[in-house]
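Survey of secondary and tertiary structure
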Number of protein chains: 2
Amino acid sequence: MNIVLLDPRQTESELWSISSTRQLAHLQQHLDIQVGDTLKVGIREGKRYLTEIIEITEKTVRLKPLKEEAVPAKLPVTLIVALPRPKVLRRLIMDAVTVGVEKIILMHSYRVDKSYWQTPFLQQLEHYIELGLEQAGDTIAPKVELYKRFKPFVEDILPGLISADCPAYVAHPYAEMRMPAAIQHPCSIVIGPEGGFIPYEVDLLIHNGCQAVSLGNRIIRTETVIPYVLGRLFSL
Amino acid sequence: MNIVLLDPRQTESELWSISSTRQLAHLQQHLDIQVGDTLKVGIREGKRYLTEIIEITEKTVRLKPLKEEAVPAKLPVTLIVALPRPKVLRRLIMDAVTVGVEKIILMHSYRVDKSYWQTPFLQQLEHYIELGLEQAGDTIAPKVELYKRFKPFVEDILPGLISADCPAYVAHPYAEMRMPAAIQHPCSIVIGPEGGFIPYEVDLLIHNGCQAVSLGNRIIRTETVIPYVLGRLFSL
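Residues numbered from 1 in each chain as written. Chains lettered and ligands numbered in written order. Predicted model: local features only at pLDDT ≥ 70, side-chain atom pairs only at ≥ 80, totals over all residues. Heavy atoms only, no water.

Put simply, the test is: UniProt positions are given in the numbering used here, feature names are shortened, and annotations may be inferred rather than shown by experiment.
Where an unreviewed UniProt entry is consulted, chain A appears under the name Ribosomal RNA small subunit methyltransferase E, with the organism given as Acinetobacter indicus CIP 110367. The annotation that UniProt attaches to chain A under Function (unreviewed entry) is "Specifically methylates the N3 position of the uracil ring of uridine 1498 (m3U1498) in 16S rRNA. Acts on the fully assembled 30S ribosomal subunit."

If you want it as structure tokens, here you go:
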């Protein structure tokens, strides 16, 4: 937690207040905060501030804003990823948010176990996003969309995300073209499930406008390949 | 597990044999292998082969090698990282191995809790490396070194890893120079602990030959920043 995210309503008085038990526990256990310390705070979907701690009680920390700070820029990328195993979902969302993905799409794919769509973790996406924003020091949540059917998504939705100025790359081990690097334009990237897309899916993605690109001959787990690809694409 | 790693002794007869309970359980539970299927196999510190499954018993799977396959190249990088929390260690090692780091150094730092050096997970490094190799399809284990004292490592060991052709970059949020991208030479990268290096440590690293470079104003967790930086550095 590198900033404390506040709801705009918590910042309406002259002194702002932190009252979430999760945030208070973190501040007390990990940061050992004291009156007079400075604290970085972000307002959800708004600005970021350096603040000073004015008062600490059991249920509230009160803050005085000192000065505005820059909110980090997003990466102009839509991350389209086959729904991962529930235990991977939290990390995947947090990491994507932390590095600054603008929009996240979770979709079905042949090798996604249908039971994954029933996981209670899917109800926690807002929370994972909050953790990712607080890690990064960001305040703007990415948009998240879920598509439980592969073909309708790829045929009806995906083409609307692709243009000459905004290509979509699907990571595919047997592609001849290499994944581009240090690009200067927005794009979408499409990441398959554990075990990869089946050939029918890769064909349908390509037929609907995706470029198949290779990352070399190492097989990298979904949750690891996401920061790996984003570091490569946006390295300017 | 995208290849099965075998000890050279398991490949001395005409038919090779898999007898590790972990590997057998994975093959049976996740891959549902049958006689006649092909299976990718790597020989530790050696070559990689496509094989055919000849026999499956409860305690052994016997294989016939069909043809040699390419072992993926390593990234010419030494990853120097402050020892992470035990629960992060497994993922960090697996990911570093999967993306192809040549050498891993775990070192102490002021914000590394001394208890981390006592964790039983440190006895499992060989196992994490094996998992990373089997994920990537690689056969060559990276070298791993541990340094429990920061200053002697930085003053006595680190300078020997740095040369004009092989710089060392320390990720530092306030550096003016950006982390390079798409480099064509070997390097070392130095990644701090949760909370970062203290100023004394950054100064000592720079004094001993490291270049401080920035990755922008997002704060990214250690385990996420490693694939992020490696994707950026080696994107040619």
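**Some words on the interface of chain B and chain A**
In plain terms, the rule: Residue contacts are counted whenever heavy atoms from the two residues lie within 4.5 Å of one another. Accessible area, probed at 1.4 Å, shrinks when two parts are joined; the buried area is that loss added up over both. Basic side-chain nitrogens of Lys or Arg form a salt bridge, by our definition, when they fall within 4 Å of a carboxyl oxygen of Asp or Glu. Polar contact is defined as a pair of N or O atoms within 3.5 Å, subject to the rule that within protein one atom must be able to donate a hydrogen and the other to accept it, and that residues adjacent in sequence are counted only when both atoms are side-chain atoms. Helix numbering and strand numbering both begin at the N terminus, where a helix is a DSSP run of H or I of at least 4 residues and a strand a DSSP run of E of at least 2. Note that Gly is not counted as nonpolar here; it falls among the polar residues with everything else outside the nonpolar set of Ala, Val, Leu, Ile, Met, Phe, Trp, Tyr, Cys and Pro and the charged set of Asp, Glu, Lys and Arg.
The interface is formed by 30 residues belonging to chain B together with 30 residues belonging to chain A. For the pairing of chain B and chain A, the buried interface totals around 2800 Å² over both sides, and the portion due to carbon and sulfur atoms is 48%. At the junction of chain B and chain A, the tally comes to six salt bridges. For the interface between chain B and chain A, the tally reads 18 residue pairs in polar contact (both at pLDDT 80 or more). Put simply, the parts of the chain that give the side of chain B that touches chain A at least two residues each are helix 2 (86-99), helix 3 (125-136) and helix 6 (222-233) of chain B. Considered class by class, the residues forming the side of chain B that touches chain A number 14 nonpolar, eight polar and eight charged.

**Points about the relation of the copies chain B and chain A**
Going by this rule: When the copies are superposed, the least-squares fit takes in the C-alpha atoms of residues with a pLDDT of at least 70 in both.
Once turned by 180° and shifted 0.0 Å along the axis, chain B lies on chain A with an RMSD of 0.0 Å. Accordingly, the operation relating the two chain copies is best matched by a two-fold axis. Most of the interface of chain B is mirrored in chain A, where 100% of its interface residues again form contacts.

**Remarks on the pairing of strand 9 (residues 168-171) of chain B**
Residues and elements named next belong to chain B. Note the cut-off: The criterion for strand pairing is that DSSP finds at least two bridges linking the strands in question.
Alignment of strand 9 against strand 10 (residues 187-191), held across three bridges, turns out to be parallel. Residue pairing in the sheet places Tyr-169 in a bridge with Ile-189 of strand 10. Of the strand pairs in this sheet, strand 9 and strand 11 (residues 210-213) are connected by four bridges, and their pairing is parallel. Counterpart to Ala-171 in the pairing with strand 11 is Val-213.

**Some thoughts on the pattern of salt bridges**
Rules: The cut-offs for exposure are 20% and 50% of the maximum accessible area for each residue type, with area from a 1.4 Å probe on protein chains only; residues under the lower value are buried, those over the upper are exposed, and the others partly exposed.
Under the defined criterion, the tally for this structure stands at 33 salt bridges over all chains. With a shortest N-O distance of 3.1 Å, Asp95(A) and Arg91(B) are connected by a salt bridge. Pair noted here: Asp95(A) is in helix 2 (residues 86-99) and Arg91(B) is in helix 2, and the two residues belong to different chains. For Arg91(B), a relative accessible area of 12% corresponds to the buried category. For the salt bridge of Asp95(B) with Arg221(A), the shortest nitrogen-to-oxygen distance reads 3.1 Å. With Asp95(B) in helix 2 and Arg221(A) in the loop between strand 11 (210-213) and helix 6 (222-233), the pair connects residues from two separate chains. Since its relative accessible area comes to 3%, Asp95(B) is described here as buried. The exposure class assigned to Arg221(A) is buried, which follows from its relative accessible area of 18%. When salt bridges with common partners are traced through the structure, they connect Arg91(A), Asp95(A), Arg221(A), Glu223(A), Arg91(B), Asp95(B), Arg221(B) and Glu223(B) into a single cluster.

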